[in-house]
Amino acid sequence: MREGIAMIKVDLSGAAGFFDPAGPDYAAAARAHRALLEHSGAGAEFTGWLDLPGRIQNGELKQILTAASRIRGRAQALVVVGIGGSYLGAKGAVELLRPHPQPGDPKILFAGNSLSPDALMHLLEELGDLDFDINVVSKSGTTLEPALAFRMFRGLLEAKYGTEKAKKHIFATTDAHRGVLKQMADEEGWETFVVPDDVGGRYSVLSAVGLLPMAAAGIDVQTVIGEAIEAFTAMSAQSPENPAWQYAAARQHLYRLGKTTEILACYEPSFRFMAEWWKQLYGESEGKNGIGIFPASVEYNADLHSMGQYIQDGPRTLMETVVSFEQPLNEFSVPFAMGDPDRLNYLAGRKLSDISRMAQEAVKAAHITGGVPNLEVRVPKRDEAGFAWLVCFFELACAISGYMSGVNPFDQPGVEAYKKNMFALLGKPGYEDRKAELEAKLTEKH
Ligand code: PA5
């Protein structure tokens, strides 16, 4: 078990000045973790993600692999239609592990996450006349953005292959029993995958929601699931050595000291959408009842040249969490240049990864001096195992951290407000009263 935990390391030394010698409040983390494991905390009916990898391994994994190999065998593109928790995990994984399609990989295109006609046009241009399949992902089956995109891409598919053949090109990932999408899938005979009842959207990446697009992209999802099982087992340890305790307790401690914004940083540009996934996970889980750390993200080194000033010298309300991959997958050395025209020969022969490491140390020291506590999360490599451990670690720490702050980390009542207004303004049947109310308000303003 100890060896397993070593797959993920949390280094709190960059925040040491903010803690008592005893460190953060591990007793509170322990209580929160127990409540989670004993299913005695708020929202316990949505904690199925804790044993999801094992259930998937014994359940849908085979069907996912079969469908993915069918997609890979015949499609040049897979259009994944979804928003929020129904797309960010898959997008994060694909960008992190398979940023560029390799020979034989279909392009993975993500649709349904905006209402921008220009973005839709761009996607259609990318799709061109490629042979394609659709994976429509929506737990509720009623979310407007993906539902509209699906209607359009389904139309394209039917125009291309004919109504009957198109049915074999659609994979629907949705609730096991309820919702319009489930009903349509049953009526049309589309192959379906399940978003389990006890797993909310933002915790669903290790279900078919994330795994089908990942497998279609060529990611080894069997390894992801195997590693995730190990990760959750190892991190069930009731110990201050548990990295999830360390991270959850540290960020809650820093929040109480006025560090109300957490910036998640990574020196790998391919991590960008993992950070978007993390922002949803933490923002939707913790931002409620008037409290919660604001999750933001930066991409280093690029953002050091745009956000660096603010981080170093702006309001001292920031904490910084840096995710790093210890061993690069590639290596380069700086070439020697005759005459040293650019004055860089002092770096000749040095590995780019070493230079990057030095830069990271320099940034860390500067930010700590500037009053920004620094937390580090390290995994060995940017591979399937690293991805799985990061996902399990962040999910678990998020639930622990949420319970520590006294919120239900598994609901999202605030998301409904905009949806109701949007449906009302668009004239959806059933929203007539709200429409009148909103229109009266809007007229008052003008
Ligand atoms: O976490 C959440 O609940 C949301 O982000 C949802 O995932 C998002 O709104 C999409 O919902 P659905 O899968 O029902 O279309």
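Everything discussed here concerns the structure shown above.
What counts and how
Residues numbered from 1 in each chain as written. Predicted model: local features only at pLDDT ≥ 70, side-chain atom pairs only at ≥ 80, totals over all residues. Heavy atoms only, no water. Helix = DSSP H or I, 4+ residues; strand = E, 2+ residues; numbered from the N terminus. Rg over C-alpha atoms; globule rule 2.2 N^0.38 Å. Buried < 20%, exposed > 50% of the residue type's maximum accessible area, 1.4 Å probe, protein only. Areas by Shrake-Rupley, 256 points an atom, 1.4 Å probe, with all protein chains shown as cover. Lys, Arg positive; Asp, Glu negative; His and termini not counted. Charge placed at Lys NZ, Arg CZ, Asp CG, Glu CD. 1 Å grid on protein atoms, 1.4 Å probe; cavity = no way out; pocket = protein on both sides within 12 Å on 5 of 7 lines; lining within 4 Å. Points joined across faces, edges and corners; volume = space filled by probe spheres on them. Nonpolar A, V, L, I, M, F, W, Y, C, P; charged D, E, K, R; others polar. Near = heavy atom within 4 Å. Polar contact = N/O pair within 3.5 Å; in protein donor to acceptor, adjacent residues only side chain to side chain. Pairing = 2+ DSSP bridges. Axes fitted to C-alpha atoms, helices over the stretch in contact; angles between N-to-C directions. Contact = heavy atoms within 4.5 Å.

Caption draft 1: Structural detail: the overall build of the protein chain. The secondary structure content of the protein chain amounts to 18 helices and ten strands. A compact globule built from 446 residues would reach a C-alpha radius of gyration of about 22 Å, and the protein chain, at 23 Å, matches this within 12%. Dimensions of the protein chain, computed from the C-alpha atoms along their principal axes, are close to 65 × 55 × 55 Å. The burial tally for the protein chain puts 51% of its 446 residues in the buried class. Taken as a whole, the protein chain presents about 20,300 Å² of accessible surface, with 55% of it coming from carbon and sulfur. Across the protein chain, the 44 positively charged side chains and the 56 negatively charged ones have centroids separated by 1 Å.

Caption draft 2: Inspection of empty space enclosed by the protein at higher detail. In total, this model carries one cavity of 30 Å³ or more according to the counting rule given. In this model, the largest cavity occupies a volume close to 30 Å³. Around the largest cavity, the lining residues are Q252, Y255, E286, I291, G292, I293 and S405. Grouping the amino acids of the lining of the largest cavity by side-chain chemistry returns three nonpolar, three polar and one charged.

Caption draft 3: Just the site of the ligand, in detail. Around the ligand there are 13 residues in total, and S86, S138, T143, Q280 and E284 lie nearest to it. Between the ligand and the protein, one listed contact pairs an oxygen atom with a side-chain N or O atom of E284 at 2.7 Å. Starting from 380 Å² of accessible surface for the ligand in isolation, the protein chains cover 89%. Tallied by class, residues from the shell around the ligand come to one nonpolar, nine polar and three charged.

Caption draft 4: Representation of the sheet that holds strand β10 (residues 374-381) in the model. Reading across the sheet, the five strands line up as β1-β10-β9-β7-β8 and stay open at both edges, with mixed pairing between neighbours. Either end of the sheet is taken by a strand with one partner, and the two such strands are β1 (9-11) and β8 (294-299). The sheet shows a mean angle of 25° between the axes of neighbouring strands, taken without regard to direction. Packed onto the sheet, helix α13 (residues 272-286) meets β7 (261-266) and β8 and runs at close to 175° relative to β8. Contacting β1, β7, β9 (318-327) and β10, helix α16 (residues 384-405) runs over the sheet at an angle of about 145° to β10.

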